[in-house]
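Descriptive analysis of the structure
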Amino acid sequence: MATITVDVPFDSSQEIVVPVALLKQLIITLLVRKGMFEVEATIAADRLIESDLRGIHSHGSRCLKKYIEAMDAGDIDPRAMMITAVETPAIAVLEASSGLGHVGATRAMELAIKKARDVGTGTVIVKKGQHFGAAACYVMMAIKEGMVGFCTTSTGTATVAAYGSRQPGTANHALAWGIPTKSGFPYVLDMAVAESSWGKIETMGMYGLPIPLGWALDEAGNDTSDAKAAKTLLPTAGARGSAMGFVCAALAGGLIGRKTPIHKVKNPFGPGSDHFFYVIDPSHFGAKDRFLAEMDATINDVRALSPADGFDKVRVAGELEWERTQKWLAEGLPLHRDHVSGLTELCRSLKCTLPEGWPLS
């Protein structure tokens, strides 16, 4: 029977465990077959698997089919060239030329980290990129360097209702903050501006579960619990989520002269996505050791609080995903059978050889 955590459903009777190394090999093989350079296919595979390991399968390897379809349609260029359009010691704008989003986003975060190391902060915006998957993956890159990371994206067309309307006014922009710690797991806030994501709604439907009322509206503008009937998402925390969507689009798109979602055409890949990355190097502020010690102490004290009814313990942002990652790296990824079947069929349709040991070979 399926169980639902605070983020995603799980049901071992519907899942197949896939070793991480085999999944990575399969992803790279498929992307190279579509024309990507192996080094860039490897970057994309790393980001997709990081999402899967955190339990965000809707933004992980399950997206491969739609990315490859977008390549076939000409909306994603597998060999896109990254161009530096604007650069100063602290900021840059990179033209991604509609390449696979994970590659451009990774290059941008790497540059933001370098600039933060040099001058204290780094801000890099990606122009004309594509869907970049889970925002958490990029702030984790900053955390690994002992830095604070933030990213957001202006992605796709408007699918989230404006507060006070049943009609969409913004896209379901993702945003993430990452705070480094001295020991243990890092603090990672990864969210979007709607009550849920389209990917999670798809996941709920895959597991045969209803979606909670208050997540989405059907075509007639009525609240629905049917994942397949959902047409418009509702903003998280009402006016707050709606306003946050505006801010994300302003930072990641408007700032570089790009359209906001309400002005984009109804093609999820055609108009592309724009991304915003911001990194702070604590060592430039004169108190890095005290900063890290205070973060550790705060996390420990919050986790030591008494849990409310219905909770086994108090967790902080990123803890559940961190636990999951460590477990699945060792034991393999539990993926829904339809997810594994879809990857298998995708591989066969492209006449690629399945990795030796693939569970459905």
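Computed from a predicted structure; not experimentally measured.

1. Quick look at the overall build of the protein chain
Secondary structure summary: the protein chain contains 10 helices and 16 strands in total. In terms of overall dimensions, the protein chain is globule-like: its C-alpha atoms have a radius of gyration of 20 Å, near the 21 Å expected for 361 residues. Expressed as a percentage of the 361 residues in the protein chain, the buried residues total 54%. Nonlocal contacts in the protein chain, meaning residues at least 24 apart in sequence, comprise 67% of its contacts between residues at least 6 apart.

2. Topic: the environment of Leu 292
Mapping Leu 292 onto the fold places it in helix α8 (residues 288–303). The exposure class of Leu 292 is buried, given its relative accessible area of 10%. In the structure, Leu 292 is positioned 206 residues away from Val 86 in sequence and 33 Å away in space, judged by C-alpha atoms. Those residues within four positions of Leu 292 in sequence are excluded, and the remaining contacts are Pro 180, Thr 181 and Lys 182.

3. Notes on the pattern of salt bridges
Inspection of every chain in the model, using the stated rule, returns 17 salt bridges. The residue Asp 46 makes a salt bridge to Lys 24 at a minimum N-O spacing of 2.9 Å. Taken together, the residues span a long stretch of sequence, with Asp 46 in helix α2 (residues 38–53) and Lys 24 in helix α1 (residues 20–33) at a distance of 22 residues. Owing to a relative accessible area of 24%, Asp 46 belongs among the partly exposed residues under this scheme. Note that Glu 319 is salt-bridged to Arg 303, the shortest N-O span being 2.8 Å. Placement of the pair is Glu 319 in helix α9 (residues 319–331) and Arg 303 in helix α8, with a sequence separation of 16 residues. Relative accessible area serves as the criterion here: at 1%, Glu 319 is assigned to the buried category.

4. Some words on the pairing of strand β4 (residues 83–87)
As paired strands, β4 and strand β5 (residues 91–95) are joined by 4 bridges and run antiparallel to one another. Within β5, the residue paired with Val 86 across the bridge is Val 93.

5. As for the packing of α1 against helix α10 (residues 337–349)
Two elements in contact, α1 and α10, have axes whose closest approach is 11 Å; the angle formed by their N-to-C orientations is 40°. Helix-helix and strand crossings are classified by hand; for α1 and α10 the assignment is left-handed. Across the interface between the two elements, Leu 23, Leu 26 and Leu 30 of α1 pack against Leu 343, Leu 346 and Cys 347 of α10. Of the residues assigned to the contact of α1 with α10, the class counts are 6 nonpolar, no polar and no charged.

6. Describing the nonpolar core
Formed by 39 residues in total, the largest nonpolar core has its most connected members in Leu 23, Ile 27, Leu 30, Leu 31, Leu 64, Leu 100 and Trp 358. If you list the elements that add at least two residues to this core, you get β3 (15–18), α1, α2, α3 (64–73), β16 (333–336) and α10. Among the elements that line this core, the one with the most residues is α1, at 8 residues. For Leu 23, the contacting residues outside a window of four places in its chain are Val 18, Ile 49, Asp 52, Ser 61, Leu 333, Leu 335, Leu 343 and Trp 358. Counting 30 residues, the second largest nonpolar core, distinct from the first, contains Tyr 138, Met 141, Ala 142 and Val 279.

7. A few points about the sheet that holds β5
Taken in spatial order, the 7 strands line up as β4-β5-β6-β15-β7-β10-β11 in an open sheet, and their pairing is mixed. In this open sheet, the two strands that pair with only one neighbour each are β4 and β11 (187–192). When the angles between neighbouring strand axes are averaged without regard to direction, this sheet yields 15°. Each of β6 (121–129), β7 (148–155), β10 (174–179), β11 and β15 (273–280) touches helix α7 (residues 239–252); the most contacted strand, β7, lies at about 95° to it.

8. A closer look at a nonpolar patch on the surface
Judged by side-chain polarity, Trp 177, Tyr 187 and Leu 189 come together as a nonpolar surface patch covering roughly 240 Å² of accessible area. With respect to the helices, strands and loops of the structure, Trp 177 is situated in strand β10. Assessed through its relative accessible area of 33%, Trp 177 is described here as partly exposed.

9. Quick notes on the side chain of Asp 11
Along the chain, the position of Asp 11 falls in the loop between β2 (9–10) and β3. Buried within the structure, Asp 11 lacks any salt-bridge partner; its nearest side chain of opposite charge belongs to Arg 337, at an N-O separation of 7.0 Å. Only 2.8 Å separates the side chain of Asp 11 from the side chain of Ser 13, close enough to count as a polar contact.

About the thresholds
- Residues numbered from 1 in each chain as written.
- Predicted model: local features only at pLDDT ≥ 70, side-chain atom pairs only at ≥ 80, totals over all residues.
- Heavy atoms only, no water.
- Helix = DSSP H or I, 4+ residues; strand = E, 2+ residues; numbered from the N terminus.
- Rg over C-alpha atoms; globule rule 2.2 N^0.38 Å.
- Buried < 20%, exposed > 50% of the residue type's maximum accessible area, 1.4 Å probe, protein only.
- Contact = heavy atoms within 4.5 Å.
- Salt bridge = Lys/Arg side-chain N within 4 Å of Asp/Glu carboxyl O.
- Pairing = 2+ DSSP bridges.
- Axes fitted to C-alpha atoms, helices over the stretch in contact; angles between N-to-C directions.
- Left-handed = near helix turned anticlockwise from the far one by under 90°.
- Nonpolar A, V, L, I, M, F, W, Y, C, P; charged D, E, K, R; others polar.
- Core = buried A, V, L, I, M, F, W, Y, C linked by side-chain atoms within 4.5 Å.
- Patch = residues over 30% accessible without salt bridge, like charges linked within 9 Å, V, L, I, M, F, W, Y side chains within 5 Å.
- Areas by Shrake-Rupley, 256 points an atom, 1.4 Å probe, with all protein chains shown as cover.
- Lys, Arg positive; Asp, Glu negative; His and termini not counted.
- Polar contact = N/O pair within 3.5 Å; in protein donor to acceptor, adjacent residues only side chain to side chain.

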